[in-house]
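Residues per chain are reported as follows:
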Amino acid sequence: GLGERLGYSGIKLSLETNLCTNKCYLEVYAKYIQAMQRMAHLKTGKDHIRIPLVIMTSGDTDPLTRQLLKDNNNFGFDEGQVIIVKQDKVCALKDGNAGLSMKSKWEIETKPHGHGDVHHLLYREGLVDKWYNEGKKHVIFLQDTNALVINSVLPTLGVSIAKGFHMNSICIPRLAGEAAGAIARLEHKTDPEKSLVINVEYNQLDPLLSSQGDCKGDVADPSTGYSPYPGNANNIVIEMGAYARTLNGEDQGVVIEFVNPKYRDETRTEFKKPTRLECMMQDIPKLFQKEMGSEANIGFTMFDRWFTFSPAKNSLEAGVEDVGKGGTAPGTMSSAESDKYIQNQRKLKFAGVDINVTEEKDLVPIAGIPVTPGPRVILCPGFAITQKEVVEKIEGGKVTDRSTLVLEGEGLKVKNLDLDGALVIRTGHDCDVTVDGLVVRNKGYDLSEVPEGSDVPEEVAIRGYTMNKNEAMEIIITEPGKYHIGADGEVKRLE
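Now for a look at the structure at hand. All of these numbers come straight from a predicted model, not from anything done at the bench. (Residues numbered from 1 in each chain as written. Predicted model: local features only at pLDDT ≥ 70, side-chain atom pairs only at ≥ 80, totals over all residues. Heavy atoms only, no water.)

### Looking at empty space enclosed by the protein
Think of a ball as big as a water molecule: rolled over the atoms, this probe shows where empty space is left. Going through the model one piece at a time under the given rule, you end up with five cavities of 30 Å³ or more. Here the largest cavity is characterised by a volume of approximately 70 Å³. Lining the largest cavity are Leu348, Val353, Ile394, Gly396, Gly397, Lys398, Val399, Leu405, Leu407, Val414 and Leu417. For the lining of the largest cavity, the residue count by class is eight nonpolar, two polar and one charged. (1 Å grid on protein atoms, 1.4 Å probe; cavity = no way out; pocket = protein on both sides within 12 Å on 5 of 7 lines; lining within 4 Å. Points joined across faces, edges and corners; volume = space filled by probe spheres on them. Nonpolar A, V, L, I, M, F, W, Y, C, P; charged D, E, K, R; others polar.)

### Topic: the layout of surface pockets
Counted as a void, the second largest pocket has a volume near 780 Å³. Ala35, Arg38, Gly382, Glu410 and His429 are the residues nearest the centre of the second largest pocket, which is lined by 37 residues in total. Listed by contribution, the elements that provide at least two residues to the lining of the second largest pocket are α1 (25–44), α12 (387–393) and β21 (422–427). In terms of residue count, the dominant contributor to the lining of the second largest pocket is α1 (nine residues). Of the residues that constitute the lining of the second largest pocket, the class distribution is ten nonpolar, twelve polar and 15 charged. (Helix = DSSP H or I, 4+ residues; strand = E, 2+ residues; numbered from the N terminus.)

### Some words on the sheet that holds strand β20 (residues 418–420)
Pairing in this open sheet of three strands is parallel, and the strands run β17-β20-β23 from one edge to the other. The open sheet has two free edges, formed respectively by β17 (398–399) and β23 (439–441), since each of these has just one partner strand. Here two bridges tie β17 to β20, and the two strands are oriented parallel to one another. Directly across from Val399, in β20, lies its bridge partner Leu419. (Pairing = 2+ DSSP bridges.)

### Here's the deal with the sheet that holds strand β19 (residues 412–415)
Strands sit in the order β16-β19-β22-β27-β28 across an open sheet of five strands; the sheet is mixed. Pairing within the sheet leaves two strands with one partner each, and these edge strands are β16 (394–395) and β28 (491–493). Two strands pair when backbone bridges link them, and strand β22 (residues 431–436) and strand β27 (residues 481–485) are joined in this way by five bridges, in the parallel orientation. When the sheet's bridge partners are listed, Val433 is paired in β27 with Tyr483.

### Side note on the environment of Gly116
Residue placement: Gly116 occurs in the loop between β5 (110–112) and α3 (117–124). If we skip the residues at most four places from it in the chain, Gly116 touches Gly253, Val255, Cys279, Met280 and Met281. (Contact = heavy atoms within 4.5 Å.)

### Focus on a nonpolar patch on the surface
A surface patch of nonpolar side chains, amounting to about 230 Å² of accessible area, comprises Leu100, Met102 and Ile108. Counting through the fold element by element, Leu100 comes out in the loop between β4 (93–95) and β5. Judged by relative accessible area, Leu100 falls into the partly exposed class, the value being 38%. (Patch = residues over 30% accessible without salt bridge, like charges linked within 9 Å, V, L, I, M, F, W, Y side chains within 5 Å. Areas by Shrake-Rupley, 256 points an atom, 1.4 Å probe, with all protein chains shown as cover. Salt bridge = Lys/Arg side-chain N within 4 Å of Asp/Glu carboxyl O. Buried < 20%, exposed > 50% of the residue type's maximum accessible area, 1.4 Å probe, protein only.)

### A word on the side chain of Ser169
Tracing the backbone shows Ser169 in strand β7 (residues 167–172). The buried category is assigned to Ser169, whose relative accessible area is 4%. Aside from chain neighbours lying at most four places away, what touches Ser169 is Ile183, Asn232, Asn235, Ile236, Gly299, Phe300 and Thr301.

### Observations regarding the nonpolar core
Counting residues in hydrophobic clusters, the biggest one holds 35 residues, and the most contacted among them are Leu13, Leu15, Tyr25, Leu26, Ile55, Leu69 and Phe75. At the level of secondary structure, the elements contributing two or more residues to this core comprise α1, β1 (53–57), α2 (62–71), β2 (82–86), α5 (150–163) and α11 (333–350). The greatest single-element share of this core, amounting to nine residues, is contributed by α1. Discounting residues that sit within four places of it in the chain, Phe75 has contacts with Cys24, Leu26, Glu27, Ala30, Lys31, Gln34, Leu68 and Leu69. (Core = buried A, V, L, I, M, F, W, Y, C linked by side-chain atoms within 4.5 Å.)

### Quick look at the state of the cysteines
Counted according to the given criterion, the structure contains zero disulfides. With no disulfide partner, Cys20 has as its closest neighbouring cysteine sulfur the one in Cys380, 10.0 Å distant. Given a relative accessible area of 4%, Cys380 falls into the buried group. (Disulfide = S-S within 2.5 Å.)

### Observations concerning the pattern of salt bridges
Taken as a whole and judged by the stated rule, the model has 25 salt bridges. For Arg38, the salt bridge is made with Glu410, and the minimal N-O distance between the two is 2.8 Å. Here Arg38 is found in helix α1, whereas its partner Glu410 is found in the loop between β18 (404–408) and β19, with 372 residues between them in sequence. Taking relative accessible area as the criterion, Glu410 reaches 22% and is therefore assigned partly exposed. Glu187 is the partner of Arg185 in a salt bridge, and the nearest nitrogen-oxygen pair spans 2.7 Å. On the accessibility criterion, Arg185 (49% relative accessible area) is partly exposed. A relative accessible area of 54% places Glu187 in the exposed class. Each of Lys23, Glu408 and Arg426 takes part in a single network of salt bridges with overlapping partners.

Any link to function would need more than the numbers given here.
In structure tokens, the structure reads:
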């Protein structure tokens, strides 16, 4: 989608996930897919394996998405590996009688139809049948600005295989009353074949729970402090065979539509602004149930928020307002960047590094949004995409709070690092590099808050700060071979 809610006129996929590497969302997803693909090559010896990426665009985002790919040489994907499917807009409605909203005497106003279109578009393009016939087993659906989700893709895939799930939703603990959908099992009163596990939107959940069971509504479980219903992060893993069977059914992947207008007054006839019929991809269980009945096996996999969920979806102003009301998840570009650093702090801590992990009490406000004071850590997908890899590639060492660390490279191992400043290490394929006892002391990177009212580019304004890259040690190795780097940072080729 477009970044309008963030205060950004471009596509959200082009936004930089962090200022240390300046990699945009699309590049992060691309490098993660390529890291999975590389892992498959090394484990199976089958170099022909390719993991395709499909991007659903609209009229607003299609040319910008194509240009982003073109400008960046498809982010390393082969020709034809990235497929773009474009959805159409639908007519906007002005009132409760479904009157058409007109832009002019001869032009109807249109709006996006929602991400539920993705299922029919995959059917229309013949992609699911193609993948199924090629022997591919699962399809993974991701949203555009949640970089942390890549942590949970492989674990969720593993759960799907172990449990035989036809559909598996990535979930997070949900606060009662939170404006997020919840996964629930809806039991049909007379026909068990019609019972299903599905997302229930937050505005429907409280009325539903107020009329069922203990009739208390959307309240917390006293033992956990969270809703008993998992929060839907709207990232999904679907088994290919069941998906192909469902899409080839009567509805051809067209999910049920709904309308969610904001009314002008209590008469509930006039809308505050035009609305439209829309659809959501997470409603696909209704089609699974229709085609497969009780045979459909639909579940969820729960992760802590820090591990999988910190979307960039709100403007800086909206985030500051949320924080002012006591909110702890402002959903701004700055909070998403901060959470990315924090989850990597946790990974290094787990691997045995002497490093402080930022807790809520440690956050410092920059441009009104609480963010980590550091260290700022980026573990690129090319370095590690599994817990096992992190533990095997990191050993000991210490990193100070003011430090910045960027690691990239499948054959890179870092032992006993002593970092106080900024360090960037990037290594290529077939580069076996061991860093042991490296001592880094330099000015490093720091943030500067943008003065209010400053005339700065949108991508700066939505964060409210810039990064000063004062001084860093950079080690770049692309020539295949075996290398050792000691305390002084000198690169020594061993073979």
